[in-house]
Amino acid sequence: MVTSSIDTDTFTGFVEAIARNLGDGAVSANGFAAQAFLSRSHFDRVIRATAGEPPATFQRRVLLERAAYQLATSRTGILDVALEAGYSSHEAFVRAFRRAYGVNPSEWRQSPRQIKLPTPNDVHFHPPGGLRLPTKTEITSMDLITRMVEHHVWLVGEMLDRATRLSDAQLDQQIDISVEDVDESPTLRWLLSRLVGQMNMWNNVIRDEDYDFAIEEHESVGSMKKRFATVGPDFLGEIREVVGGGRLDETFIDAHCTPVEVYTYGGMIAHVLNFAAFRRTLVLGAFASAGITDLGYGDPRKWVAEAA
């Protein structure tokens, strides 16, 4: 159904009202309809046509997403979370939460997952205390962040190719330059495996899957290349989608660490590029010592300039 600008404005105003009242339960649809000079039945039709779900369903889903976030990241009592989500009793909240997430709130708190619930409109609770609407603009110009991640993925692949020319002794020789509490006594083999593993790990976090660091223990270059063939494109594809959708401030949960951590995509990308740049520099220095110099310093300057 095609919606008018008035309908869109009504929906946007409704979303803004919900965002302002998060923590105070549901916004009165009757009250909001009156403020918008609409009958309740017409208001319901407008929201359903614009959002793809009735106003009550829309609110209930958003408030449940907020409740799921609270359960995962705070020690607020379940009854208090229920009341803030607009439920009058613990039992009613537990039933609604179980229908939405498949587990009771107490079980979710012990093992949380992604908080987003399925919706046709892509409007979700946005931690720590807002709502996120889908982007209305399309990015058409070269994006620096995407290009830097493209360069990183490309360079790791090139370094793995060069590593096949080296002996086990060269791969396992300790590299003297390191930063305390970052990479203690690294070897070329370990650095290469960690560069692949870093992308592998974050792919898994985004998909709410665990990552086994044991795979990085004395991993062969062949195994690294095989993993990289999948995790490199997957990681780059995720970043392109996030940047293209203007979602750098969108959050996701890592439920596999203790305590549970909440990240933004932008923060995750900055983290990856920061540590990757350090490790790539060590790898390229070790390559130079072994006579492999065709990758230079791994500087993304020319890579970015050529794209522009």
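Keep in mind that what you see is a predicted model, and the values were worked out from it rather than measured.

K.L.:
Could you give an account of unusual backbone geometry, naming the residues involved and the relevant values?
P.N.:
Despite not being glycine, Asp208 has its phi angle at roughly 60°, a positive value. Positioned with a positive phi, His218 is a non-glycine residue whose angle comes to about 55°. Along the chain, His218 turns up in the loop between helix 10 (188-206) and helix 11 (221-244). The exposure class of His218 is exposed, given its relative accessible area of 56%.

K.L.:
Can you tell me about the side chain of Glu150, naming the residues and giving the values?
P.N.:
Following the sequence through the fold, Glu150 ends up in helix 8 (residues 144-163). Note on Glu150: relative accessible area 13%, which makes it buried. Looking at Glu150, its side chain comes within polar contact range of the side chain of Arg240, at 3.0 Å. Once you skip the residues sitting within four places of it in the chain, Glu150 turns out to touch Leu236, Arg240 and Trp303.

K.L.:
Please give an account of the pattern of salt bridges that cites residues and values.
P.N.:
For the structure on display, the rule yields 15 salt bridges. Because the salt bridges share partners, they merge into one network encompassing Lys116, Glu241, Arg247 and Glu250.

K.L.:
An account of the layout of surface pockets is requested, with residue identities and associated values reported.
P.N.:
Volume-wise, the second largest pocket comes out at about 250 Å³. If you tally residues by element for the lining of the second largest pocket, the top one is helix 12 (residues 265-289), at three residues. Within the lining of the second largest pocket, the residues separate by chemical class into six nonpolar, five polar and one charged.

K.L.:
Describe the confidence of the model for the protein, listing the residues and the values that go with them.
P.N.:
With 86% of its residues at a pLDDT of 70 or more, the protein shows a mean pLDDT of 83. This model gives residues 136-142 a pLDDT under 50, and the stretch forms six contacts once residues within four places in sequence are excluded.

Conventions used here
- Residues numbered from 1 in each chain as written.
- Predicted model: local features only at pLDDT ≥ 70, side-chain atom pairs only at ≥ 80, totals over all residues.
- Heavy atoms only, no water.
- Helix = DSSP H or I, 4+ residues; strand = E, 2+ residues; numbered from the N terminus.
- Buried < 20%, exposed > 50% of the residue type's maximum accessible area, 1.4 Å probe, protein only.
- Polar contact = N/O pair within 3.5 Å; in protein donor to acceptor, adjacent residues only side chain to side chain.
- Contact = heavy atoms within 4.5 Å.
- Salt bridge = Lys/Arg side-chain N within 4 Å of Asp/Glu carboxyl O.
- 1 Å grid on protein atoms, 1.4 Å probe; cavity = no way out; pocket = protein on both sides within 12 Å on 5 of 7 lines; lining within 4 Å.
- Points joined across faces, edges and corners; volume = space filled by probe spheres on them.
- Nonpolar A, V, L, I, M, F, W, Y, C, P; charged D, E, K, R; others polar.
- pLDDT = per-residue confidence, 0-100.

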